[in-house]
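Spelled out from the first residue to the last, the chains are:
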Amino acid sequence: MLSQHDVHQRIAMRKKDFSLERALYCDPGVYAADLEQIFYREWLFAVPACELAKPGAYATMQVGACPVVVIRGKDMRIRAFHNVCRHRGQRLCSKVSGSTPNLVCPYHQWTYDLEGKLIFARDMGVDFDPARYGLKKVHCVDLGGVVYICLADVPPPVADLARTAMAYLAPSGLNEAKVAFSSTIIEKGNWKLVIENNRECYHCGGSHPSLCRTYSDNPRMTGMQSSEVAEDGILAHWKRCDAAGLPARFVHHPDFQWRLARIPLLDNAESFTMSTRAAVAKRMGQMPFNDAGSLLMYHYPNTWNHFLADHAITFRVLPISPTETEVTTNWLVHKDAVEGVDYDLKTLTEVWLTTNDEDRQVVEENQRGILSPAYEPGPYSVLQEEGVIQFIDWYCGLMGRRLAPQPAMAAQ
Ligand code: FES
Ligand code: FE
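Since this is a predicted model, take the numbers as computed values, not measurements.

Quick notes on the overall build of the protein
Within the protein, the secondary structure is distributed over nine helices and 17 strands. In terms of C-alpha radius of gyration, the protein reaches 22 Å, essentially the compact-globule figure of 22 Å for 412 residues. Along the longest, intermediate and shortest principal axes, the C-alpha atoms of the protein span 75 × 60 × 40 Å. Residues counted as buried form 54% of the 412 residues belonging to the protein.

The following block contains the structure:
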């Protein structure tokens, strides 16, 4: 197991524009450093807000060693807490999701309200002060319908992302949506391989026949290009969206930790369906036309999303071991859309259920190959894998800075 010093050295010695060395994809010390330096410090996508529609609705997630519960309060605000009882540490909620008027510990029934305040603890004596034993808070923001959490004491700034996401997501009306279907799979691969695979479509032609009916694998369409060099097709799409008041143009964080852009689907396809037509009769929010394409939004380290005219798909990535990653996908539709009337669940979900499974297979085979002693880092295609290069640059830059030895204190 590599020490943090070793991890820093391996990252400092990596060859630019090449895949990383084996240890960085499987070593337990690297996994621990990834959790410490990234997953315990950065904003993480947790849930679509509409999954927690009513007061008391909650969802749980496991971030490394930290169980977290995200719950909607009576005031309709969504909050997050460490899912750990302040009595003797029992995990409070063990289910993936549910609804409860209060959070009751299953061990000795200490009870917390939806704001995390301890409101019941039996036989604790007259000197016991419940105010000292509220649930520990986790930072939580709702960025216009997508809820992010941060485990750090002091989270990184989120104002730019919040402003941008709220403007771009507003037409999708995510607070007037519902979860039509949810899927969680485990991919036997390091979390970075899952993100790398998502950040390029070099593999799409070979792996994703269903997705490629509607989604362009042209890197100039879906890649990291700015508007000045974008394809004519995308510029025409942006002009049409501009005219309809639909934010569409490429916008990103200075270090590309996040990016949003609305891209057209192939040949005016409307949705990720086998027929290429809309899967849901009722459009999302204020979406002005069916062929609005997909608003792509990723945020490192753990999410990518597609917001279409008829539905939206959110993806959440959580590492569960050095070589295993949980991927949760949610399909959102207008809350008034009725299954069997306005949409057929199979039509809505089949392309991305298939695509997720195809991606799981390539990630698992990628991990198997990397575990071979014969593996050595190979070159990324600068034409096709710009997104991967940029993710790996972001990862190595951040880890390099955070793992760098601290300068010795100046002599007094
Ligand atoms: Fe929760 Fe005892 S550990 S009530
Ligand atoms: Fe893929």
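Observations concerning the pattern of salt bridges
This model, assessed by the stated rule, comprises 18 salt bridges. The closest approach of N and O atoms between Glu42 and Arg402, which form a salt bridge, is 2.8 Å. Highlighted residues: Glu42 in the loop between helix H2 (28–39) and strand E1 (44–48) and Arg402 in helix H9 (residues 386–403), separated in sequence by 360 residues. Accessibility expressed as a relative area gives 5% for Glu42, which makes it buried. Take Arg402: its relative accessible area is 23%, and that puts it in the partly exposed class. Asp75 is the partner of Arg79 in a salt bridge, and the nearest nitrogen-oxygen pair spans 2.6 Å. According to the relative accessible area criterion, Arg79 is buried, its value standing at 11%. What emerges from the salt-bridge pattern is a single network uniting Arg14, Lys16, Asp17 and Asp393.

Considering the packing of helix H1 (residues 4–12) against H9
Across the interface, H1 lies against H9 with an axial gap of 9 Å and an inter-helix angle of 140°. Between H1 and H9, the interaxial angle falls into the category oblique. Both H1 and H9 take part in a crossing whose hand is left-handed. Facing H1, whose interface residues are Gln4, Val7, His8 and Ile11, H9 presents Tyr395, Cys396, Met399, Gly400 and Leu403. Looking at the contact of H1 with H9 residue by residue, the class counts come to six nonpolar, three polar and no charged.

Quick look at the coordination of the iron ion (ligand 2)
Here the iron ion (ligand 2) is held by the protein donor atoms His203 (NE2), His208 (NE2), Asp359 (OD) and Asp359 (OD), which lie 2.0 to 2.7 Å from it. With four donor atoms in place around the iron ion (ligand 2) and angles of 52 to 149° between them, the coordination shape is irregular. For the iron ion (ligand 2), the donor residues sit on a single chain with the sequence spacing H-x4-H-x150-D. In this pair, His203 is assigned in the loop between helix H4 (191–198) and helix H5 (204–207) and Asp359 in helix H8 (residues 345–370), connecting sequence segments 156 residues apart. For the pair His203 and Asp359, one class covers both residues: buried.

Looking at the side chain of Thr100
Here Thr100 is to be found in the loop between strand E5 (97–99) and strand E6 (103–104). Reaching out from Thr100, the side chain makes a polar contact with the backbone oxygen of Asn102 at a distance of 2.4 Å. Discounting residues that sit within four places of it in the chain, Thr100 has contacts with Gly56, Tyr58, Ile71 and Leu114.

Some points on the nonpolar core
Membership of the largest hydrophobic core comes to 116 residues, with the highest contact counts inside it found for Val63, Val70, Ile149, Phe272, Leu348 and Tyr395. When residues of this core are assigned to their parent elements, the largest contribution, 10 residues, is made by H9. Ignoring anything within four residues of it in the chain, the contact list for Val63 reads Phe39, Tyr40, Leu44, Ile149, Leu151 and Leu318. Counting residues in each nonpolar core, the second largest holds 15 residues, with Tyr58, Phe81, Cys105 and Leu135 among its members.

Some words on the state of the cysteines
The full count for this structure, using the stated rule, is one disulfide. The partner cysteine of Cys201 in its disulfide is Cys204, sulfur to sulfur 1.9 Å. Here the disulfide of Cys201 and Cys204 is left-handed, its torsion about the S-S bond being about -95°. With no disulfide of its own, Cys93 lies 9.5 Å from the sulfur of Cys105, the closest cysteine sulfur. The thiol sulfur of Cys150 is not disulfide-bonded, and the nearest other cysteine sulfur, from Cys140, lies at 11 Å.

Conventions adopted
Residues numbered from 1 in each chain as written. Chains lettered and ligands numbered in written order. Predicted model: local features only at pLDDT ≥ 70, side-chain atom pairs only at ≥ 80, totals over all residues. Heavy atoms only, no water. Helix = DSSP H or I, 4+ residues; strand = E, 2+ residues; numbered from the N terminus. Rg over C-alpha atoms; globule rule 2.2 N^0.38 Å. Buried < 20%, exposed > 50% of the residue type's maximum accessible area, 1.4 Å probe, protein only. Salt bridge = Lys/Arg side-chain N within 4 Å of Asp/Glu carboxyl O. Axes fitted to C-alpha atoms, helices over the stretch in contact; angles between N-to-C directions. Parallel < 35°, antiparallel > 145°, perpendicular 65-115°, else oblique. Left-handed = near helix turned anticlockwise from the far one by under 90°. Contact = heavy atoms within 4.5 Å. Nonpolar A, V, L, I, M, F, W, Y, C, P; charged D, E, K, R; others polar. Donors = N, O, S within 2.8 Å, 3.2 Å for Na, K, Ca; no water. Tetrahedral: all angles 85-135°; square planar, octahedral: opposite > 155°, others 65-115°. Polar contact = N/O pair within 3.5 Å; in protein donor to acceptor, adjacent residues only side chain to side chain. Core = buried A, V, L, I, M, F, W, Y, C linked by side-chain atoms within 4.5 Å. Disulfide = S-S within 2.5 Å.

Read these as geometric descriptors, not functional statements.
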